[in-house]
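Chain residues, written in single-letter form:
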Amino acid sequence: MDADEGTHGHGEFPSGTAHLSTQVAGHSCDNKNYSFGLLVKSGRYVLKPVEKEQHGKREIDFYRRVTSTKDPLLLELKALVPEFYGTEILSWNDSRVNYIVLSNVTHGMAQPCVMDIKIGKQTWDPYATEAKRLKEQEKYAVIKQHYSFCIPGFQVYDASTSQFKKFGKDFGKNLTIDGTVEAFKIFFNLSHESGKATLLHILERLKKIVKWFKSQRHFHFYSSSILIAYDAKELSNFPSATVTMIDFAHVYPANGEEDLNYIAGVEKLVELLDSIAV
Ligand SMILES: O=P(O)(O)O[C@@H]1[C@@H](OP(=O)(O)O)[C@H](OP(=O)(O)O)[C@H](O)[C@H](OP(=O)(O)O)[C@H]1OP(=O)(O)O
Ligand SMILES: Nc1ncnc2c1ncn2[C@@H]1O[C@H](COP(=O)(O)OP(=O)(O)O)[C@@H](O)[C@H]1O
């Protein structure tokens, strides 16, 4: 389930790599927009292309800082993000693309269920242009206003029908407030008797993230996501579920201030999941 062999609009995949079939959101392979999408290598590694120099630099700087830290607070953060293995330049026909190499949190999953939840009402950073701010304000507007997060995409292996279902950006952008609750029920396979155990495990991890954010004054995270993943094949084995923070292209210094935007998003997420876990 990790790899789709072959080619796409940019030509053949760089040697040893394939399209990350479990990618549920973010910039996907798109020749028209010069976007390369994420790749998988040897199953274990995810390669994220640096497509905008400044975004890439910010994300790489973030990973380098967190990976090399001895600060106990940042060590706690390190356990909540993918492992970082540096960068690698790969050739796509005429293009040379710089990739950030990370651990693949869906590695080894037979029936991967993955949800990307973008945290915060404010999904633009303090230096965004007026045009970008307006564009971000319009997207997922109702949901972000109500929940302080939005769902750009997810996929689930429906244990009752034995089928994969994929929900993309358009689905997320058209979600209603009640529809969001339903989306989580579908994602967690709550009609299956073991779905609730996965949900409770995820809730514990999310509560750790809230606790960490309340204690830190290092960073403010904009347009960053929480990636939830579990293997539906192991539904009864709930510790296989993971919660990982990803996408650090818009991480900025906190200047001594709490990240209230991010905290509100994770708290609302916990509140919603608590309400369906009863
Ligand atoms: O069209 P763009 O270029 O603004 O793409 C958005 C990205 O902006 P960027 O180009 O990186 O500044 C934007 O990236 P950021 O999170 O702002 O880095 C998102 O990927 C966004 O998708 P969605 O909010 O997840 O649905 C992307 O939005 P849509 O593809 O949904 O419009
Ligand atoms: N470490 C990872 N392991 C597995 N999948 C990942 C990982 N990082 C990202 N992804 C997948 O790629 C998608 C986009 O990642 P993201 O970092 O948000 O990219 P973008 O900056 O293009 O939005 C996520 O929604 C997820 O499906």
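Residues numbered from 1 in each chain as written. Chains lettered and ligands numbered in written order. Predicted model: local features only at pLDDT ≥ 70, side-chain atom pairs only at ≥ 80, totals over all residues. Heavy atoms only, no water.

Concerning unusual backbone geometry
Argument step 1. Even without glycine at this site, Ser-162 takes up a positive phi of about 55°.
Argument step 2. Examined against the element boundaries, Ser-162 turns out to sit in the loop between β10 (149-158) and β11 (163-167).
Argument step 3. Backbone geometry places Ser-223, a non-glycine residue, at a positive phi of 55°.
Argument step 4. Structurally, Ser-223 is set in the loop between β12 (219-221) and β13 (225-231).
Argument step 5. Residue Ser-223 is classed as buried on the basis of its relative accessible area, which comes to 8%. (Helix = DSSP H or I, 4+ residues; strand = E, 2+ residues; numbered from the N terminus. Buried < 20%, exposed > 50% of the residue type's maximum accessible area, 1.4 Å probe, protein only.)

Some thoughts on the environment of Ser-35
Argument step 1. Examined against the element boundaries, Ser-35 turns out to sit in the loop between β4 (17-20) and β5 (39-41).
Argument step 2. Along the sequence, Ser-35 and Lys-118 sit 83 residues apart, while their C-alpha atoms lie 20 Å from each other.

Focus: the site of ligand 2
Argument step 1. Near ligand 2 you find 18 residues, and of these Val-24, His-27, Lys-48, Ser-103 and Asp-116 are the closest.
Argument step 2. At 3.4 Å from an oxygen atom of ligand 2 is found a main-chain nitrogen or oxygen belonging to Ala-25.
Argument step 3. With respect to ligand 2, the side chain of Asp-247 contributes an N or O atom lying 3.1 Å from an oxygen atom.
Argument step 4. Burial of ligand 2 by the protein amounts to 94% of the accessible area it has alone, namely 550 Å².
Argument step 5. Within the shell around ligand 2, the residues separate by chemical class into nine nonpolar, six polar and three charged. (Near = heavy atom within 4 Å. Polar contact = N/O pair within 3.5 Å; in protein donor to acceptor, adjacent residues only side chain to side chain. Areas by Shrake-Rupley, 256 points an atom, 1.4 Å probe, with all protein chains shown as cover. Nonpolar A, V, L, I, M, F, W, Y, C, P; charged D, E, K, R; others polar.)

Examining the packing of helix α6 (residues 177-187) against helix α8 (residues 260-276)
Argument step 1. With their axes 10 Å apart at the nearest point, α6 and α8 run at an angle of 65° to one another. Taken as axis vectors, α6 and α8 run roughly perpendicular relative to one another. The way α6 lies across α8 gives a crossing that is right-handed. Facing Thr-180, Val-181, Phe-184 and Lys-185 of α6, the residues of α8 in contact are Leu-269, Leu-272, Leu-273 and Ile-276.
Argument step 2. When grouped by side-chain class, the residues that make up the contact of α6 with α8 number six nonpolar, one polar and one charged. (Axes fitted to C-alpha atoms, helices over the stretch in contact; angles between N-to-C directions. Parallel < 35°, antiparallel > 145°, perpendicular 65-115°, else oblique. Left-handed = near helix turned anticlockwise from the far one by under 90°. Contact = heavy atoms within 4.5 Å.)

Topic: the domain arrangement of the chain
Argument step 1. Assigned domains of the chain: these are domain 1 (3-103) and domain 2 (112-276).
Argument step 2. Taking the mean C-alpha position of each, domain 1 and domain 2 sit 20 Å from one another.
Argument step 3. Taken together, the contacts link 22 residues of domain 1 with 28 residues of domain 2.
Argument step 4. Summing both sides of the interface, domain 1 and domain 2 together bury roughly 2000 Å²; the carbon and sulfur share of this comes to 66%.
Argument step 5. The three residues of domain 1 that bury the most area against domain 2 are Val-24, Arg-58 and Leu-80, which together make up 32% of that side's buried surface.
Argument step 6. Summed over the shared surface of domain 1 and domain 2, the result is one salt bridge.
Argument step 7. Between Asp-247 and Lys-48 there is a salt bridge; the shortest N-O distance is 3.2 Å.
Argument step 8. For the pair domain 1 and domain 2, the interface holds ten residue pairs in polar contact (both at pLDDT 80 or more).
Argument step 9. For the side of domain 1 that touches domain 2, the class distribution of residues is eleven nonpolar, five polar and six charged. (Domains from an automatic or database assignment. Buried area = accessible area lost by both parts, 1.4 Å probe. Salt bridge = Lys/Arg side-chain N within 4 Å of Asp/Glu carboxyl O.)

Remarks on the confidence of the model for the chain
Argument step 1. Scored by pLDDT, the chain comes out at a mean of 93, with 94% of its residues at no less than 70.
Argument step 2. A low-confidence stretch, residues 1-5 (pLDDT under 50), is modelled with 23 contacts involving residues beyond four sequence positions or located in other chains.
Argument step 3. Here the predicted complex scores 0.94 on pTM and 0.93 on ipTM. (pLDDT = per-residue confidence, 0-100.)

Some points on the pattern of salt bridges
Side chains carrying opposite charge are able to pair once their charged atoms draw close together.
Argument step 1. A complete count under the given rule lists eleven salt bridges for this structure.
Argument step 2. Here Glu-88 and Lys-41 are joined by a salt bridge, their closest N and O atoms 2.9 Å apart. One end of the pair, Glu-88, is in strand β7 (residues 84-92); the other, Lys-41, is in strand β5, and 47 residues separate them in sequence.
Argument step 3. Measuring nitrogen to oxygen at the nearest pair gives 2.9 Å for the salt bridge that ties Glu-136 to Lys-132. Highlighted residues: Glu-136 and Lys-132, both in helix α3 (residues 130-138), separated by four residues, approximately one helical turn.
Argument step 4. Counted as one network, the salt bridges with shared partners bring together Lys-48, Glu-59 and Asp-247.

Let's talk about the site of ligand 1
Argument step 1. Neighbouring ligand 1 are 14 residues; Lys-52, Lys-135, Tyr-140, Lys-173 and Ser-223 lie closest to it.
Argument step 2. In the model, an oxygen atom of ligand 1 is placed 2.7 Å from a nitrogen or oxygen of the His-250 side chain.
Argument step 3. Elements that contribute at least two residues to the shell around ligand 1 include exactly α3 and α5 (169-173).
Argument step 4. Examining the composition of the shell around ligand 1, we find that three residues originate from one element, α3, more than from any other.
Argument step 5. Of the residues assigned to the shell around ligand 1, the class counts are two nonpolar, four polar and eight charged.
Argument step 6. Here the shell around ligand 1 spans two domains, since at least three of its residues come from each of domain 1 (3-103) and domain 2 (112-276).

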